[in-house]
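# Structural overview
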Amino acid sequence: MSVLAIDNLSVAYGGITALDGVSLAVGAGQIVTVIGPNGAGKSTLLNAAMGILPAGGTIRFGDTNLAGMKVAARVQAGMSLVPEKRELFATMSVEDNLRLGFYRHRGAGRRAMLAALEEVFALFPRLRERRRQDAGTLSGGERQMLAMGRALMARPRLLMLDEPSLGLAPLIVRDIFHTITALRKTGVAILLIEQNARAALQVADHAYVLETGRVTFAGDSAALAADPRIVEMYLGKNPG
Amino acid sequence: MDSTILLILLQDGAVNGAIYALLALSLVLVFAVTRVIYVAQGEFVAYGALTYAALDGGQLPGSVWLLCGLGVAAFIAGLWQGRGQTDAGLLLRLGLETVLLPGAVALLAIWLAPLKPGMLVEVALTLAIVTPMSPLLYRIAFQPLADAPVLVLLIAAVALHLALTGLGLVFFGPEGFRAPAFSEAILTVGPLTIPGQALWIGGLTLALMVALFGFFGRTLTGKALRATAVNRLGARLVGIPTERAGLIAFALAGFIGALSGVLIVPLTTVYYDSGFMIGLRGFTAAIIGGLGSYPGAVLAAVLVGVAESFSSFWASAFKEVIVFTAIIPVLLWRSLRHGSTEEEE
């Protein structure tokens, strides 16, 4: 059964349609990516799924219908979003940011929190070095690590990543994608929004192409990566 | 002016400044968490003072009925906002916080008031009656507006202030009240005679600040409030219910307002509309501190208190003018330093 099943999702800002009848599914333990040009509605899709934007259509998480559920309730149910702008607590320490990520399990006690913290530090050793620093003082790559770490502290069943490579140096992008691959072992399902289509198609099992608010291609990511039209539009002509 | 007068004025200023500091702190807190400029905070000072004075005289304070009325109104508002939702737990919580809690406090007050149970119980009862009004008002007036621009929230806050002043007249009457000091003891240090009440004010202010510091620095709830203040969207994304954070911030502001009223009523006669001017000084301090800095607000509050006591000595007719004019150079300096800043989003 799918972890996330979006059916016929529509979002409009004022009179302008941003998403028009989008359907999409993420299976347990799967990595699913949504690629597409700027302004296609990719971030809108994640924000609607998280409950930040009002949307038409149905969104099911496991066997819960999310209609009318607030953001906090969706987090409680096991969804985590790492937004494009990271939305960290800039004037609080790295460790406090991570501890607040554990808010979902606040009743679980200190030991469980420390265990989750250790897991995140193991995944991003750089955050351990920076744990006493304010989040606002971090570099772009570290901020992305912290945003992902904070989301993982909630131990979600579904992790949604909005452009994790945006504005980062190529070496750091590679690290981030390594981490995404490593997360597959933990069993968390991942919905990945990316402009970096090449890297996204490499890590994902399944892919969707979103153009002006509609899904235009969907399929196995290997198949999509081989599709001539996708290659031309999103991957560039790559000799060899 | 000799050094004795100087010291007395400084002492007076520091005592008043301590009260303003508490008010400024809660204004900064409420603004950071909810973006509401809580103009009506001053009314809580008056309500706290008048409730304590009534209890001290063995009377049942009118604010008990106001509390019950607000509870019922908040219950109805909560039902209306939550229409279509069938979460039994949420409904239970709503009933508990808006009907049961005020009802229990009212019964307790009706039982205890004629017994004249002594200062400590009276203070606790005053806080129990006045503090819950603030989160109830948040539910009624601000929760439905949570996503509105700052200006709309400010207009709502001004309207709330006017409504509460009127309600103050209805429930407390037009007479002013004064209560006896917590302690008649007088401490003599060199040329200074420090009345017990001043020590109470200073001590409680410091204790409350330390407690707030611990709350925001150590507890998860405190950190969640700070997180909401720093980044609302980020807070929602980690699962912090931001309405809950707003309720807690308003409850703290109500508590601090009521406590300030209890502390101040032995020093000066308080009328139903006295709160506004006291709250305005706290507001001045919060603005001078930049409406974002807690230490800045505390420091500015002490300065406002000292400026007030010196100007009432030299030019008492212009006391208010001098204190409130102090805000202008600060605003000028800030706008010159930062240039124009855009309204958020």
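Residues numbered from 1 in each chain as written. Chains lettered and ligands numbered in written order. Predicted model: local features only at pLDDT ≥ 70, side-chain atom pairs only at ≥ 80, totals over all residues. Heavy atoms only, no water.

Right, let's get into the sheet that holds strand 7 (residues 158–162) of chain A. Residues and elements named next belong to chain A. With mixed pairing, the six strands of this open sheet are ordered in space as 6-7-8-3-9-10. In the strand order of this sheet, the two ends are held by strand 6 (79–82) and strand 10 (214–220), each with one partner. Geometrically, the sheet is characterised by an average inter-axis angle of 15 degrees between neighbouring strands, direction not taken into account. Examined bridge by bridge, strand 3 (residues 31–35) and strand 8 (residues 189–194) share five bridges and lie parallel to one another. Looking at the pairing, isoleucine 35 lines up with glutamate 194 of strand 8. On top of the sheet, helix 6 (residues 140–153) reaches strand 6 and strand 7; it is set at about 170 degrees to strand 6, its chief contact. (Pairing = 2+ DSSP bridges. Helix = DSSP H or I, 4+ residues; strand = E, 2+ residues; numbered from the N terminus. Axes fitted to C-alpha atoms, helices over the stretch in contact; angles between N-to-C directions. Contact = heavy atoms within 4.5 Å.)

The subject of this paragraph is the environment of Ile37(B). All names here are of chain B. Along the chain, isoleucine 37 falls in the loop between helix 1 (3–34) and helix 2 (41–56). C-alpha of isoleucine 37 to C-alpha of alanine 297: the two residues are 260 residues apart in sequence and 14 Å apart in space. Ignoring sequence-local partners within four residues, the contact set of isoleucine 37 consists of Phe31, Leu154, Ala157 and Phe283.

Another point: the interface of chain B and chain A. Taken together, the contacts link 18 residues of chain B with 24 residues of chain A. Contact between chain B and chain A buries roughly 1900 Å² in total, counting both sides, with carbon and sulfur atoms accounting for 67%. In this structure, the connection of chain B to chain A is made through two salt bridges. Where Lys223(B) meets Asp96(A), a salt bridge forms, and the shortest distance between an N and an O atom there is 2.8 Å. Taken together, chain B and chain A are joined by three residue pairs in polar contact (both at pLDDT 80 or more). Looking at the side of chain B that touches chain A, the elements with two or more residues in it are helix 9 (220–230) and helix 10 (232–237) of chain B. (Buried area = accessible area lost by both parts, 1.4 Å probe. Salt bridge = Lys/Arg side-chain N within 4 Å of Asp/Glu carboxyl O. Polar contact = N/O pair within 3.5 Å; in protein donor to acceptor, adjacent residues only side chain to side chain.)

Attention now moves to the packing of helix 2 of chain B against helix 11 (residues 242–264) of chain B. Residues and elements named next belong to chain B. It is the contact of helix 2 with helix 11, at a shortest axis distance of 7 Å, that shows an interaxial angle of 50 degrees. When the interaxial angle is binned, helix 2 and helix 11 end up oblique. Where helix 2 crosses over helix 11, the two elements pack in a sense that is right-handed. Touching Gln41, Phe44, Val45, Gly48, Ala49 and Tyr52 of helix 2 are Ala253, Gly254, Gly257, Ala258, Ser260, Gly261, Val262 and Ile264, all from helix 11. Tallied by class, residues from the contact of helix 2 with helix 11 come to eight nonpolar, six polar and no charged. (Parallel < 35°, antiparallel > 145°, perpendicular 65-115°, else oblique. Left-handed = near helix turned anticlockwise from the far one by under 90°. Nonpolar A, V, L, I, M, F, W, Y, C, P; charged D, E, K, R; others polar.)

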